[in-house]
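Spelled out, the chains give:
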Amino acid sequence: HRRFDYRPKTDPYCQARYTFCPTGSAIPVMKEEDVIEVYRLQAPVWEFKYGDLLGHLKIMHDAVGFKSSLTGKNYTMEWYELFQLGNCTFPHLRPGMDAPFWCNQGAACFYEGIDDAHWKENGTLVLVTTISGTMFNEMAKWVKYDNETGIYYETWTVQASPDKQSIVWFDSYECSKFILRTYQKLADLGAVFKKIQTNYTSIILFSGEPIYLGNETSIFGPLGNKTLAAAIRDFYYPFKPHRTVREFFVDLLEIIDHVILNHQFYLFYNLEYWFLPMKFPYLKIIYEEVPLPIGSKTSFGV
């Protein structure tokens, strides 16, 4: 997943149904001698609206919690879409614009407090390590860098087959990947993690070797490929928001025709388009273990 030099301003066209990071605050500077507990947080996606429904499908959202021993204050840190998941996964086809329009930025959110009920009721709130104030402050600097350079949300992992050793063509870039990067940074700073099982959700597409198609300009620009541009727009059209049940089922049949019957998927990744020759089982949601990291060396003691 590509890093960028800066985060572009979002277009006013991109609107969120739920405000991104409504109570967000700056990451505080901790005293060096502080001892900070680090918690693994996980709950079903959109639990506030659907309860445990998506938990049954193992579609989980991840975050990390901190508790300062000196102040007694709790904090939550997470990374998610600025304009909800649908906007990050599929574009808008706007009138008068040839190219699909994407509202696919993601970002870190830090705020005071840990909503115990939210994480405990259908998910996880468990202590994973303890760090010093110095380590926390170093992590905060890294979060700023990570947030300013890793700016686009990517829903899909794309791999060649369901086998454990399968080639991964594209890796996702979403909430769990941010938490895994944070844990690894803490481990590199000297954090020693508990030996507990930690599982994460991945949504995987299965494809033969992807074919590079080009970027927005080369496909949709004045000298672009009109046939390819039309094919990409046709592919994305049925993924639009639906007003009626009938409309949804008509478009669902169109999606099945593209993806399963004709083995086609167009992926937008790092601002470029790729064609995925889809193959069985086409799509799978997995909830698999990714162990907590082991640091390269102990840099700071607690």
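See the structure printed just above.
Everything quoted here is computed from the prediction, not taken from an experiment.

1. Here we look at the sheet that holds strand β5 (residues 124–132)
- Taken together, the 5 strands give an open sheet; going across it, the order is β4-β3-β2-β1-β5, and neighbouring strands pair in antiparallel fashion. Lying at the two open borders of the sheet, with one neighbouring strand each, are β4 (106–112) and β5. The average undirected angle you get between the axes of adjacent strands in this sheet is 25 degrees.
- Sheet topology places strand β3 (residues 74–81) next to β4; 7 bridges connect them, and they run antiparallel. Opposite tryptophan 79, over in β4, you have alanine 108 as the bridge partner.
- Packed onto the sheet, helix α5 (residues 133–149) meets β1 (35–44), β2 (60–68), β3, β4 and β5 and runs at close to 110 degrees relative to β5.
- With respect to the sheet, helix α6 (residues 175–188) is in contact with β1, β2, β3, β4 and β5, its orientation differing from that of β2 by roughly 35 degrees.

2. Observations regarding the packing of aromatic side chains
- Under the definition given, this model contains 26 aromatic pairs.
- Ring geometry for phenylalanine 220 versus tyrosine 273: centroids 5.7 Å apart, planes at 65 degrees, classification edge-to-face. A residue pair is termed long-range when its members are at least 10 positions apart, and phenylalanine 220 in helix α7 (residues 216–220) and tyrosine 273 in strand β11 (residues 272–289) qualify at 53 residues.
- Here phenylalanine 220 falls in the buried class, since its relative accessible area comes to 8%.
- Each ring, one from phenylalanine 235 and one from tyrosine 236, has its centre 5.3 Å from the other, and the planes form 65 degrees; the classification is edge-to-face. The pair phenylalanine 235 / tyrosine 236 is uniform in exposure class, with both members buried.
- Here the basic side chain of arginine 40 rests over the ring of tyrosine 200, its NZ or CZ set 4.9 Å away from the ring centre.
- When the ring centre of tyrosine 13 is taken as origin, the NZ or CZ atom of arginine 94, which lies over that ring, is 3.7 Å away.

Procedures and definitions
Residues numbered from 1 in each chain as written. Predicted model: local features only at pLDDT ≥ 70, side-chain atom pairs only at ≥ 80, totals over all residues. Heavy atoms only, no water. Pairing = 2+ DSSP bridges. Helix = DSSP H or I, 4+ residues; strand = E, 2+ residues; numbered from the N terminus. Axes fitted to C-alpha atoms, helices over the stretch in contact; angles between N-to-C directions. Contact = heavy atoms within 4.5 Å. Phe/Tyr/Trp six-rings, centres within 6.5 Å; stacked < 30°, edge-to-face > 60°. Buried < 20%, exposed > 50% of the residue type's maximum accessible area, 1.4 Å probe, protein only. Lys NZ or Arg CZ within 6 Å of the ring centre and 35° of its normal.

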